[in-house]
Amino acid sequence: MALTFDGPETSETAQPNPFRDYRLDVTFVHAATGEARRVAGFYAADGRAGETSATGGNKWRVYFAPNRPGEWRWSVSFRTGTDVTVADDENAGRPWQPLHGQAGRFSVSATDKKAPDLRGRGALEYVGKRYLRFAGDSTWFLKSGVGSPETLLGYADFDGTFRDVSTDHRPPAPNGIIALPALKDGLMRYEPHVPDWRPGDPAWQNGKGKGLIGGINYLADQGINAMYFLTMNVNGDGRNVWPWTEPWTRDRFDCSRLDQWEVVFGHMTRRGMMLHIVLQETENDHLLDRGSLGPERKLYLRELVARFAHHPAITWNFGEENVQPVQHQKESMAWLRRLNPYRQNIVIHNDHWHAKNLRETFEPLLGFEPFTGTAIQDFFWNDVPTHVRHFVRASEQSGHPWVVSADELGGANFGTLPDADDPEHNDPRRFGLWGTLMAGGAGAEWYFGWQNNSPNSDLSSQNWRTREAMYRQGRIALDFFQKQLPFYRMQPMAEEIVGQGIYGLAAPDEVYALYLPNGGGTRFDLGDNPGRYEINWFNPRTGGDLRPGTIRQVRGPGLTWTGWPPSETSKDWVAVVRKLPETVTAMAFPTAQWREGTPDDVGVDPVGMQHALNYWRMHTGVDGVEHVVIVRRGVVIYKGAKAEKPVDVRSATKSVTSTLLGLLIANGKVALDTKAAGIEPVLQEKYPHVTLRDFTTMTSGYSAQGKSRWNEPSEDWSPNPYLPDEPLFAPGSQYAYWDEAQMMFGRVLTRVAGRDLLDLANKRIFAPIGFTVTKWGTEGQLGTTPIRNGCTGFTINALDFARFGHLFLNQGRWGNQQVVPADWVRMATRPQVPTTIRVADTDRRGADGLGVYGFNWWVNGVHKDGRRSMPDAPAGTYFAAGLNHNLCIVIPEWDMVIVRLGNDGNPPGGHAQTLNNFLRRLSMAVHPLAEK
């Protein structure tokens, strides 16, 4: 909005000087919030100077862009005095009546502007992040702009515009005058774009401006959203742009020309373009006040802010190839930041192209609050991403992140060549565009070069169609970023990528984007982030939908591989690696049937799982994996052909027996240290001190009379297991894996329960978790009650035995029901046999449970010699084990239960070694899942 006031009648050439000796400021206050903004005003001649070319009048104006709807109140400060405009004191000079003190109010409604008009999106603000954000719709801005011609405003249709080739002014230009034979009178006319002007578009003075307005239309239609231009090039390359009445008068501004600039800037805004205002160039950055912040520079900055800062999207650039002393740069930036009522981007352009020049320009500004970004110049395309990433990271480490852009690329000789000379624009696309964006930069602008001095070069180009293919590349890239990536939350990747010259952005645990300028594939690190990720590919040359490549999915955490793109594998591609929601995110409990799924559903690589299963096929007996079931988080992901066929699990029965002890303890019938002789009379004479703990840890020393019933050379398996013989050792002093002891244990528990242990197990354990066992071998009777063999004979199929393992995996809980006490599960499945005792010298001394045996469960503990039982398996692994490699394995770290049954003998390497080798292979296929 604009407020125009009647003030003193004056002119551009009058004394007192209307630009130095009068100062208009208007304070706007939002009634509801109290937010206040002080906005500089300016002398506007007759108020219509853009149309009338007036140089005098009594109109004074202020532009204001309200940032919120509602009532706003305004009040005027209008003061006069020598150099009052550039005074630091707001109360300098004296009030000029009757304008000083005027006040009023107005109401602002919500914007009715629609895309592409930037006024519908709110102010484009620096918000302390790597990207600028629109205050209205909270969207983030990425740039694909044009940086040529830098002499955009050296336009013949602007009042008083000419090319100054004089040589009699001081200081002299550092370079000679550049010939511009392609331009008539050294000025732009943009005649090729006159047909692009449309009815309803602005113009001035009976149709002037159509070429430039038409050019803006064309560029906007191509997806260009920023334009770079100088507002002053006195003594510079073009010598045809300045805001003053003449190039060497620095305190009197051309009101009509600046009004016409405003028409152009307004059209840029309506067509969705950010204004990249370049305040000076290297040839003249010492022209005002010899490079310092003095009255000339203050006046110049104030006039531009007063007239143009109200546009919603502006970057203020303190100079192309700037060589001012750093302190002078900082003082000027701080002045503009204080003067400007909007949080707009402030950048600078580096002196020349070498990395040293970039460091010398930008590093002294790290952490300096008024400065918010870079305009990187680089001659060599393939260096651009490295420089961008460096300053993205350096600024973030300083605590004041910059908006890092690359705005003059490809060298002064050529820059971005015309389509006719470089139809594919491979280097600009790969390194200038995608390299900048993938390094965390905020965008790029396309510079046309000037030393070739062609009609299509920076200082002479009047036809933007010459780079249309490049604009299309930019449109493809920005569309991809805005639609496919939360780029504003992503960080540049470096060490996470294995390989040189590959750039990426990562939002860890969500999405990764990797740009491969030379095609192919790459390894990259997903870090500690578990889960399943889908890989798709985007073609940055042609755009279009994401497409699958040779690998569809990968798993985290750690290193993984993108695979290859879908076609043209030697050309540039973007791999988009996006985390998929887990099919199973919470622990499931089967009802009548197990839930079944694919390995991928629960984070297991199917190929890796088959690799592990193949090992079992080759290193176990004829049953191989016919009776194998693998369950993760309650989902069956592998089921052998005979998984429903019951098998006598042999000594794995012991783990069921000890679980019944846990139930009886929970019922208060006994305790772990209850003496068995108080329960079973036959133990009183020879085993008065044996406890239930001794039985369930195989440290009882119990032995029965008679040798093996199988006519084997063994003292175990007496046909009279309930006739005590002399103890093998004192209870608790040694360890002996002894089945006779386990049979006696079953007899003792039967007495405690006062019922058939199978009936107890079915009612209290198996029925609640969904099955019933009908066969468990007996070893005698107590009256009419059968004594179940505490060491063997339990017959079950793999699917049901997996339910038992799943119960233990969940600490004895099944859904909402606590079936087995959690404390018992924890105790039973951790080492209970100390390594300070020894293994008894019996014919079964090869079964060493020291440090690796719990309450009738084998655990992955540490042996007496410091060896872990299964070094390649998770430390928390435990299992029930019986003859014929019958196993029920529980792996808490993986939320996994594995059952392997058979009738085919023990593996040659033994349970633990064979299982370790299997789990080592399986571990390469198992990936962490999200939290339960």
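In this text the structure is predicted, and so the values were computed from the model without any measurement.

Peer 1: Residue-level account of the overall build of the protein chain, with values.
Peer 2: Regarding its fold elements, the protein chain presents 18 helices and 43 strands. Taken against the 2.2 N^0.38 rule, which gives 30 Å for 932 residues, the C-alpha radius of gyration of the protein chain at 41 Å runs more than 25% over that of a compact globule. Counting every position in the protein chain, which comprises 932 residues, the buried fraction comes to 60%. Considering only intrachain contacts with a sequence separation of at least 6, the fraction spanning at least 24 residues in the protein chain is 70%. Looking at the protein chain as shown, the accessible area adds up to about 34,100 Å², and 48% of this sits on carbon and sulfur atoms.

Peer 1: Let's hear about the UniProt feature "domain: DUF5060" (unreviewed entry) in the protein chain: which residues, and what values?
Peer 2: UniProt records the feature "domain: DUF5060" (unreviewed entry) for residues 3-79 in the present numbering. Span residues 3-79 is 5% helix and 56% strand, its end C-alpha atoms 17 Å apart.

Peer 1: Which residues make up the UniProt feature "domain: Beta-lactamase-related" (unreviewed entry) in the protein chain, and what values do they have?
Peer 2: Within this structure's numbering, the places UniProt gives as "domain: Beta-lactamase-related" (unreviewed entry) are residues 624-910. Counted over residues 624-910, helix gives 22% and strand 18%. Its end C-alpha atoms are 15 Å apart.

Peer 1: Break down the sheet that holds strand β25 (residues 531-538) for me, citing the residues and quoting the values.
Peer 2: Ordered by their spatial adjacency, six strands build an open sheet running β20-β22-β23-β28-β25-β26, and the pairing between neighbours is antiparallel. Edge positions in the open sheet fall to β20 (491-493) and β26 (547-556), since each of these has one partner strand only. In this sheet, neighbouring strand axes are inclined to one another by 20 degrees on average, regardless of whether the strands run parallel or antiparallel. As paired elements, β25 and strand β28 (residues 573-580) share seven bridges and run antiparallel to each other. Paired with Y533 across the strands is K579, a residue of β28. Along the sheet, helix α7 (residues 384-397) makes contact with β20 and β22 (503-507), crossing β20 at roughly 130 degrees. Its contacts with the sheet place helix α9 (residues 426-438) against β22, β23 (511-516), β25 and β28, and it is angled at close to 20 degrees to β22.

Peer 1: Quick rundown of the packing of helix α2 (residues 210-221) against helix α3 (residues 255-270)? Include the residues and the values.
Peer 2: At a minimum axis distance of 10 Å, the contact between α2 and α3 shows a crossing angle of 15 degrees. Relative to α3, the element α2 lies roughly parallel. Note that α2 runs across α3; the crossing there is right-handed. From α2, L212, I213, I216 and N217 reach across to α3, where they touch V264, H267 and M268. Residues belonging to the contact of α2 with α3 are distributed by class as follows: five nonpolar, two polar and no charged.

Peer 1: Could you give an account of the sheet that holds strand β21 (residues 497-498), with specific residues and numbers?
Peer 2: In spatial order, the strands read β21-β24-β27; together these three strands make up an open sheet with antiparallel pairing. At either margin of the open sheet sits one strand with a lone partner, and together these are β21 and β27 (559-561). In this sheet, β27 lies alongside strand β24 (residues 523-525) in antiparallel orientation, the contact comprising three bridges. From the neighbouring strand, R523 faces β27, where its bridge partner is W561.

Peer 1: Describe in detail the pattern of salt bridges, supporting the description with residues and values.
Peer 2: What the rule picks out here adds up to 57 salt bridges. Between E680 and R751 there is a salt bridge, and its shortest N-O distance comes to 2.4 Å. On the criterion of sequence distance, the pair formed by E680 in the loop between α12 (653-666) and α13 (692-696) and R751 in helix α14 (residues 739-753) is long-range, its members being 71 residues apart.

Peer 1: Describe helix α16 (residues 798-809), listing the residues and the values that go with them.
Peer 2: With 12 residues, α16 should cover 16 Å at 1.5 Å per step; its first-to-last C-alpha distance of 16 Å lies within 8% of that length. Most of α16 is tucked away: 12 of the 12 residues are buried. Residues A798, L799, D800, F801, A802, R803, F804, G805, H806, L807, F808 and L809 constitute the buried set of α16. Of the residues that open α16, the one with a side-chain oxygen 3.0 Å from the backbone nitrogen of L799 is N797. Phi turns positive, to about 55 degrees, at Q811, one or two residues after α16.

Peer 1: Describe the environment of P325, and please don't skip the residues or the numbers.
Peer 2: Relative to the assigned elements, P325 resides in the loop between β15 (314-317) and α5 (326-339). With a relative accessible area of 37%, P325 lands in the partly exposed category. Sequence spacing of P325 and D528 is 203 residues, and the spatial spacing of their C-alpha atoms is 46 Å.

Peer 1: Residues and numbers for the environment of L728, please.
Peer 2: Turning to its location among the elements, L728 is positioned in the loop between α13 and β33 (734-735). On the basis of relative accessibility, which here comes to 32%, the residue L728 falls in the partly exposed class. It is 91 Å that separates the C-alpha atoms of L728 and L118, two residues lying 610 residues apart in sequence. The contact partners of L728, leaving out residues within four places of it in the chain, are G701, Y702, S703, A736, W738 and T842.

Peer 1: Break down the packing of aromatic side chains for me, with residues and values.
Peer 2: Counted by the stated rule, this structure contains 63 aromatic pairs. With a centroid separation of 5.2 Å and an interplanar angle of 90 degrees, the aromatic rings of Y155 and F158 are classed as edge-to-face. For Y155, a relative accessible area of 1% corresponds to the buried category. A relative accessible area of 2% places F158 in the buried class. Ring geometry for W434 and Y515: centres 5.5 Å apart, planes at 10 degrees, overall stacked. One end of the pair, W434, is in helix α9; the other, Y515, is in strand β23, with 81 residues separating them in the sequence. Across the pair, Y515 and W434 agree in class, each one buried. When the ring centre of W197 is taken as origin, the NZ or CZ atom of K210, which lies over that ring, is 4.3 Å away. Note that R465 overlies the ring of Y218, its terminal NZ or CZ placed 4.6 Å from the centroid.

So, how was this worked out
Residues numbered from 1 in each chain as written. Predicted model: local features only at pLDDT ≥ 70, side-chain atom pairs only at ≥ 80, totals over all residues. Heavy atoms only, no water. Helix = DSSP H or I, 4+ residues; strand = E, 2+ residues; numbered from the N terminus. Rg over C-alpha atoms; globule rule 2.2 N^0.38 Å. Buried < 20%, exposed > 50% of the residue type's maximum accessible area, 1.4 Å probe, protein only. Contact = heavy atoms within 4.5 Å. Areas by Shrake-Rupley, 256 points an atom, 1.4 Å probe, with all protein chains shown as cover. UniProt positions renumbered as here; feature names shortened; annotations may be inferred. Pairing = 2+ DSSP bridges. Axes fitted to C-alpha atoms, helices over the stretch in contact; angles between N-to-C directions. Parallel < 35°, antiparallel > 145°, perpendicular 65-115°, else oblique. Left-handed = near helix turned anticlockwise from the far one by under 90°. Nonpolar A, V, L, I, M, F, W, Y, C, P; charged D, E, K, R; others polar. Salt bridge = Lys/Arg side-chain N within 4 Å of Asp/Glu carboxyl O. Expected span 1.5 Å × (residues − 1). Polar contact = N/O pair within 3.5 Å; in protein donor to acceptor, adjacent residues only side chain to side chain. Phe/Tyr/Trp six-rings, centres within 6.5 Å; stacked < 30°, edge-to-face > 60°. Lys NZ or Arg CZ within 6 Å of the ring centre and 35° of its normal.

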